[in-house]
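# Examination of the molecular architecture
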Amino acid sequence: MTLRHFLEIDDLTAAELVEVLDLAEATDPPQVLAGKGGALLFEKPSVRTRNAAEMAVVHLGGHPVAMREAEVGIDERESAEDLARVLSGFHAVIGARVFAHTTVVRMAGAAAVPVVNLLSDRAHPTQALADVLTLRQHLGELSGHRLAWVGDANNVFCSLSLAAAMVGMEVRAACPAGFAPAADHLARVAAAGTNLTVTDRPEAAVDGADVVATDVWTSMGQEDEAERRRQAFAGFIVDQALMAHAAPAAVFLHCLPAHRGEEVTGEVVDGPQSLVWLQAENRLHALRGLLAFLLGRSG
Ligand code: CP
Ligand code: NVA
């Protein structure tokens, strides 16, 4: 068996993605971590991801050890590579939430156990697993449904749009000038089988959509840009008026934390179309499915 890491959603094939979703819903999780540990490093704050990852390790029979940056000192106290080598001796899996995506890539290059990206500046793939799991539970067959993204083409968008393409969904994004997806991401989504349409008009992206998704305008690490971003994203709030352009049965997704009155209104995030609480709980189920998959495949 070869070592399998999960740094980006398309580290899985489309068929493997479905396998992970099926494992996420398994009622009798395989005890692949019995007597073993899971090391979880966090360079940035986390509620959902840390709790989901810790409890996923527990559900699989293992013991999680979560560490914040202040006590780890990635590339300050010791290098990301040395950390990965050392933690591989204690644990059967390493999860890391990092600023620079290259940090998880370097850890994966040095680790002797699977490395899971728990969010980087480029991707949030375990979030995307929970998002498509939530949509599958709600919509059933996902192929042919349309996802509209409103806001920043950020880490969450990149993983979700790619995951949506992998399950056969159509994707439209509305982003202000300067915050649209990069050409290489459009190519990657196209390679997954979907044309990602980009507009700067939220109504055009949301028109007839089955799913409307958004995220914060200022991600962790971008705090210095908050004011500039607030100005750039004015008009990109997901409110009832925007949701009215979507299909009548459309649902709303947000990875959370949400800023009511900024990227979404309270009416929408707390309203009947919102799936955000199920989406948050599904972080646990998706992570458990992912770890069961990776540990079942990594020798
Ligand atoms: N959605 C998400 O990743 O939440 P946390 O930052 O709280 O982990
Ligand atoms: N895009 C956000 C997601 C937080 C879960 C960030 O990176 O801060």
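This write-up is about the structure you can find in this document. (Residues numbered from 1 in each chain as written. Chains lettered and ligands numbered in written order. Predicted model: local features only at pLDDT ≥ 70, side-chain atom pairs only at ≥ 80, totals over all residues. Heavy atoms only, no water.)

Attention now goes to the nonpolar core. Counting residues in hydrophobic clusters, the biggest one holds 61 residues, and the most contacted among them are I9, L17 and L129. Every residue in contact with L129, bar those within four places of it in the chain, is listed here: F6, I9, L12, L17, V20, L21, A286 and L290. Among the nonpolar cores identified, the runner-up in size contains 23 residues, and A174, F179, F233 and F236 belong to it. (Core = buried A, V, L, I, M, F, W, Y, C linked by side-chain atoms within 4.5 Å. Buried < 20%, exposed > 50% of the residue type's maximum accessible area, 1.4 Å probe, protein only. Contact = heavy atoms within 4.5 Å.)

Below, the discussion takes up helix α1 (residues 14–24). Residues of α1 that are buried include every one of E16, L17, V20, L21 and A24, and no others. Each buried residue of α1 lies within a common arc of 145 degrees when the element is viewed along its axis, so the set occupies one face. Taken together, the buried residues of α1 touch α6 (125–139), α7 (155–166) and α13 (276–297). (Helix = DSSP H or I, 4+ residues; strand = E, 2+ residues; numbered from the N terminus. Arc of directions from axis to C-beta.)

What surrounds ligand 1 is the set S46, V47, R48, T49, R97, H124, Q127, C255, L256 and R283. In the environment of ligand 1, an oxygen atom lies 2.8 Å from a nitrogen or oxygen atom belonging to the side chain of R48. Here an oxygen atom of ligand 1 and a side-chain polar atom of H124 are 2.8 Å apart. In the complex, 95% of the free accessible area of ligand 1, which totals 260 Å², lies under the protein chains. A breakdown of the residues in the shell around ligand 1 according to their chemical character gives 3 nonpolar, 4 polar and 3 charged. (Near = heavy atom within 4 Å. Polar contact = N/O pair within 3.5 Å; in protein donor to acceptor, adjacent residues only side chain to side chain. Areas by Shrake-Rupley, 256 points an atom, 1.4 Å probe, with all protein chains shown as cover. Nonpolar A, V, L, I, M, F, W, Y, C, P; charged D, E, K, R; others polar.)

The next subject is the side chain of D131. Within the secondary structure, D131 is located in helix α6. The buried charged residue D131 lacks any salt bridge partner; its closest oppositely charged side chain belongs to R283, at an N-O distance of 6.4 Å. Side chain to side chain, D131 and Q279 meet in a polar contact 2.9 Å long. Contacts of D131, omitting those with residues within four sequence positions, involve L160, L253 and Q279. (Lys, Arg positive; Asp, Glu negative; His and termini not counted. Salt bridge = Lys/Arg side-chain N within 4 Å of Asp/Glu carboxyl O.)

Along the chain, the position of R4 falls in the segment before α1. Side-chain polar atoms of R4 contact the side chain of E16, separated by 2.8 Å. Once you skip the residues sitting within four places of it in the chain, R4 turns out to touch D11, L12, E16, P114, F293, L294, R297 and S298.

Here the focus is the packing of aromatic side chains. Tallied over the entire structure, the rule returns 4 aromatic pairs. When the centroid spacing of 4.8 Å and the interplanar angle of 50 degrees are considered together, the rings of F179 and F233 count as tilted. Here F179 is found in the loop between β6 (170–174) and α8 (183–191), whereas its partner F233 is found in the loop between α10 (226–232) and α11 (240–243), with 54 residues between them in sequence. When sorted by exposure, F179 lands in the same class as F233, which is buried. Between W217 and F233 the ring centres are 5.7 Å apart and the planes differ by 15 degrees, which places this aromatic pair in the stacked class. Pair noted here: W217 is in the loop between β8 (211–214) and α10 and F233 is in the loop between α10 and α11, with a separation of 16 residues, a long-range link. Both residues of the pair, W217 and F233, belong to the buried class. Aromatic ring contacts, followed pair by pair, group F179, W217, F233 and F236 into a single cluster. (Phe/Tyr/Trp six-rings, centres within 6.5 Å; stacked < 30°, edge-to-face > 60°.)

Tallying each qualifying case throughout the model produces 19 salt bridges. Where E8 meets R188, a salt bridge forms, and the shortest distance between an N and an O atom there is 3.2 Å. On the criterion of sequence distance, the pair formed by E8 in the segment before α1 and R188 in helix α8 is long-range, its members being 180 residues apart. Between R230 and E262 there is a salt bridge, and its shortest N-O distance comes to 3.5 Å. On the criterion of sequence distance, the pair formed by R230 in helix α10 and E262 in the loop between β9 (251–254) and α12 (266–269) is long-range, its members being 32 residues apart. One connected set of salt bridges, linked through shared partners, spans E8, D10, R122 and R188.

Our next topic: the environment of E69. Following the sequence through the fold, E69 ends up in helix α3 (residues 69–72). Separated by 28 residues in the primary sequence, E69 and L41 place their C-alpha atoms 7.0 Å from one another. Those residues in contact with E69, other than ones at most four positions away along the chain, are F42, E43 and I74.

Shape descriptors only; they carry no functional weight alone.
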